[in-house]
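# Architecture and fold: a report
Spelled out, the chains give:
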Amino acid sequence: MENEATGKLSPWLKPITYLGRNWLTLAGAVLTTSSAITLVGFWFREAMQTKPLNPYTGMVLYLMLPGVFVVGLLLIPAGLLWDRHQLKKKGIHPDLVPQPDFKSPLFLRAVGLIGLATLVNVAILGAASVQGVEYLDSAQFCGQTCHTVMNPEHTAYLESPHSRVSCVECHIGPGASWFVQSKLSGVRQVFAVALNTYSRPIPSPVEQLRPARETCEQCHWPQKFHGDKFVVKQKYSEDEANTLLTTVLVMKVGGRSGGEFKGIHGRHLDLAAPISYISTDGRRQVIPRVFLSDGKGGKVEYVAETKAPATKADTKPAEGAKKEELRTMDCVDCHNRPTHKFWLPERAVDSAMTSGLISPKIPFVKKKAVEALKAAKGPQAQAAAQIAAALTDYYQKTYPDLVQKEKPLLDAAVKETQAIYARNVDDHMRITWGTHPENIGHEDFPGCFRCHDDNHKSSTGKVITQDCDKCHTILATEEANPKILKDLGIGG
Ligand code: HEC
Ligand code: HEC
Ligand code: HEC
Ligand code: HEC
Ligand code: HEC
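This text gives an overview of the structure that appears in the document.

How each quantity is defined
Residues numbered from 1 in each chain as written. Chains lettered and ligands numbered in written order. Predicted model: local features only at pLDDT ≥ 70, side-chain atom pairs only at ≥ 80, totals over all residues. Heavy atoms only, no water. Helix = DSSP H or I, 4+ residues; strand = E, 2+ residues; numbered from the N terminus. Near = heavy atom within 4 Å. Polar contact = N/O pair within 3.5 Å; in protein donor to acceptor, adjacent residues only side chain to side chain. Nonpolar A, V, L, I, M, F, W, Y, C, P; charged D, E, K, R; others polar. Core = buried A, V, L, I, M, F, W, Y, C linked by side-chain atoms within 4.5 Å. Buried < 20%, exposed > 50% of the residue type's maximum accessible area, 1.4 Å probe, protein only. Pairing = 2+ DSSP bridges. Donors = N, O, S within 2.8 Å, 3.2 Å for Na, K, Ca; no water. Tetrahedral: all angles 85-135°; square planar, octahedral: opposite > 155°, others 65-115°. Expected span 1.5 Å × (residues − 1). Arc of directions from axis to C-beta. Contact = heavy atoms within 4.5 Å.

Now for unusual backbone geometry. Positive phi, close to 60 degrees, is recorded for Arg-284, a residue that is not glycine. Backbone geometry places Phe-364, a non-glycine residue, at a positive phi of 55 degrees. The topology assignment puts Phe-364 in the loop between helix H12 (345-354) and helix H13 (365-375).

Pasting the structure below:
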């Protein structure tokens, strides 16, 4: 019985015994088979569960195992060639090799086996490459594998309206050249991380993988930009009662309407009359010259008359920055932080207070939380301890009753203040308050006023306007109880 089975099998196995004659081929076969089994096993496991893999398991599974598989495959023929070479050197004619004889059953079997193995290999390799590329494109790979490096961007991203858009949908444009560029850049970055040669902070604007107009327009259609946007901004004062002040604006976002380009989007997105500019600081914050094309080859040039006014933003040239850069404006020149928004302490505390995470009932909490945030330094754990100490000390000394009666409120405020620090400051990556300026607006950073400062003049004396009404209608400015909101039936 047993003998019969071996007898039947052995002619089939003969080619395999031949293939296994040398250690190189054997090693190749072992590598290929074991990595293939592991890969397929993991695919089944992954299909069963929805929890994402640990990023390092992902690296091994999607990038290294397929590599081992391919190396194994290459070793098999390499071993055969080497074996043949050795035999020839010894003067032995390798007659074990089946001659290409279609009548020989041995040869046919070998061809059959190799054909089958090739099919299986192509299938495995195909699936592995698809998965590998998908993995390289995942937010997890971008944001977590290079864990420490992109952690600030990944954290900010998770809180943004784009948290369901993958990194590559913005950072890699459509088309093959972007694809290749991005993979090269990715490989370079992996090396930079491994060798610890990356820059801290990662420079912004991004040079290689910068989102472009086409990227955003996959989802936000310029034809649809029209109309106004009602914006309500809430701010807490630094007094004992944390008085709430409200600003109400109607933003003239505009766009194309009735074939005409109007408002903020319209004026800046009209491809027939593009706006370009020269910046000199490597961060596009200092803009001495602006060009407005008339679409017929002509151009109006606006030149800044006096030096740009001093601002809160740090506008010293970025490390290794190009001296001068000419750029045509697109979405990202205004929307440079649609996803990785880093807040200033005041804004972050306002937002936490609006949502109730820091209770406005705690006296002076706006002032004290902002002070604690600005004073905190160093890695997260250290800063968290400083913040807790600062706030607890203050309230224990000044409002001992409150500490007794409202302990949960205070604890929550401390916790949220610590979280604000963790989201916006990264000691290792040298990101602190204001490192990455936001270009929408003009309150916290130069933003629109980089050009709209009534100071950029053309040869005919025209200026880039700072007229408040061109961009928005201001319905209320820092009012305690704006009448307009009552009239509209919004808010208290
Ligand atoms: C909605 C589009 C969008 C998505 C999604 C997105 N980014 Fe960005 N990212 C941007 C823009 C815009 C910039 C700023 C570009 C500029 O000014 O040149 C940027 C800048 C960066 C920078 C440069 C440093 C900085 O803070 O400016 C890094 C690093 C980065 N992104 C990583 C990521 C990672 C990792 C993910 C996924 C977790 C991601 N991005 C997802 C749009 C996006
Ligand atoms: C894959 C689709 C996708 C891409 C690509 C994309 N976005 Fe978005 N964007 C969205 C979605 C979805 C929202 C959320 C809409 C909502 O919540 O109402 C959004 C919201 C926004 C908002 C409003 C944010 C707010 O706070 O209300 C802005 C501004 C914006 N995106 C700008 C951009 C810019 C600039 C780019 C290119 C760098 C871009 N988006 C790329 C899908 C995308
Ligand atoms: C000149 C600066 C500028 C440029 C260029 C620009 N935007 Fe805007 N965009 C704004 C401003 C200002 C707002 C109103 C923001 C606010 O108040 O929240 C806005 C609003 C938006 C919104 C939110 C609209 C809403 O109703 O919530 C989206 C989405 C958006 N822009 C996408 C884009 C895209 C995509 C591009 C490029 C094709 C672009 N923007 C180019 C300044 C600009
Ligand atoms: C790089 C320079 C630059 C930046 C930055 C810039 N703009 Fe402009 N903007 C211009 C130029 C140039 C014009 C055209 C001026 C003209 O028509 O004479 C213009 C025109 C406009 C107009 C039309 C004004 C009119 O007279 O009808 C609006 C509205 C506007 N910009 C809004 C914005 C907003 C909002 C921002 C910030 C989010 C911004 N711009 C940022 C250069 C800039
Ligand atoms: C070139 C366009 C432009 C001009 C000119 C302009 N603004 Fe603004 N303003 C904006 C944008 C964009 C925002 C941000 C809206 C947002 O954050 O959603 C803003 C925000 C504001 C805010 C709210 C600030 C906050 O975030 O609390 C106030 C107040 C304001 N502007 C007042 C003015 C006044 C006063 C003038 C005239 C001296 C003026 N603006 C001129 C574009 C402009």
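The rest of the description comes next.
What follows concerns the site of ligand 1. Close contacts around ligand 1 come from 27 residues, with Glu-153, Cys-167, Cys-170, His-171 and His-340 the closest. With respect to ligand 1, the side chain of Glu-153 contributes an N or O atom lying 2.5 Å from an oxygen atom. Between ligand 1 and Arg-337 there is a distance of 2.7 Å, counted from an oxygen atom to a side-chain nitrogen or oxygen. Secondary structure elements with two or more residues in the shell around ligand 1: helix H5 (139-145), helix H6 (147-158) and helix H7 (167-171).

What surrounds ligand 5 is a group of 17 residues, the closest being Lys-233, His-442, Cys-468, Cys-471 and His-472. Measuring from an oxygen atom of ligand 5, one finds a side-chain N or O atom of Arg-347 at 2.9 Å. One of the side-chain N or O atoms of His-472 is found 2.6 Å from a nitrogen atom in ligand 5. At the level of elements, strand E1 (229-236), strand E2 (244-251), helix H17 (468-471) and strand E10 (472-479) are the ones that each hand at least two residues to the shell around ligand 5. Taken together, the residues of the shell around ligand 5 break down into eight nonpolar, five polar and four charged.

Attention shifts here to the nonpolar core. Among the nonpolar cores identified, the biggest contains 30 residues, and Val-349, Ile-358, Tyr-395, Ile-420 and Tyr-421 are the most heavily contacted of them. Elements supplying a minimum of two residues to this core: H12, H13, helix H14 (380-398), helix H15 (400-405) and helix H16 (407-424). Judged by nonpolar contacts, the second largest core, of ten residues, contains Ala-36, Leu-61, Ile-124 and Ala-128.

Let us now look at the sheet that holds strand E5 (residues 275-279). Sheet architecture is open: five strands sit in the order E8-E5-E6-E7-E9, paired in antiparallel fashion. In the strand order of this sheet, the two ends are held by strand E8 (325-328) and strand E9 (456-457), each with one partner. The sheet contact formed by E5 and E8 spans four bridges and is antiparallel. What sits directly across from Ser-276, in E8, is Thr-328.

What follows deals with the coordination of the iron atom of ligand 2. In the first shell of the iron atom of ligand 2, the protein supplies His-162 (NE2) and His-220 (NE2), at 1.9 to 2.0 Å from the metal. Relative to the metal, the six donor atoms surrounding the iron atom of ligand 2 lie at angles of 85 to 179 degrees, and the coordination shape comes out octahedral. With His-162 in the loop between H6 and H7 and His-220 in the loop between helix H9 (213-217) and E1, the pair connects residues that are 58 residues apart, well separated along the chain. Taking relative accessible area as the criterion, His-162 reaches 19% and is therefore assigned buried.

Let's shift gears to H14. Look at H14: 27 Å from first C-alpha to last across 19 residues, which is about the 27 Å you get at 1.5 Å a residue. Residues Ala-383, Ile-387, Leu-391, Tyr-394 and Tyr-395 constitute the buried set of H14. Down the axis, H14 shows its buried residues gathered within 90 degrees of arc, on one side only. Exposed and facing more than 90 degrees away from the buried side of H14 are Ala-381 and Lys-397. Buried residues along H14 sit against H13, H15 and H16.

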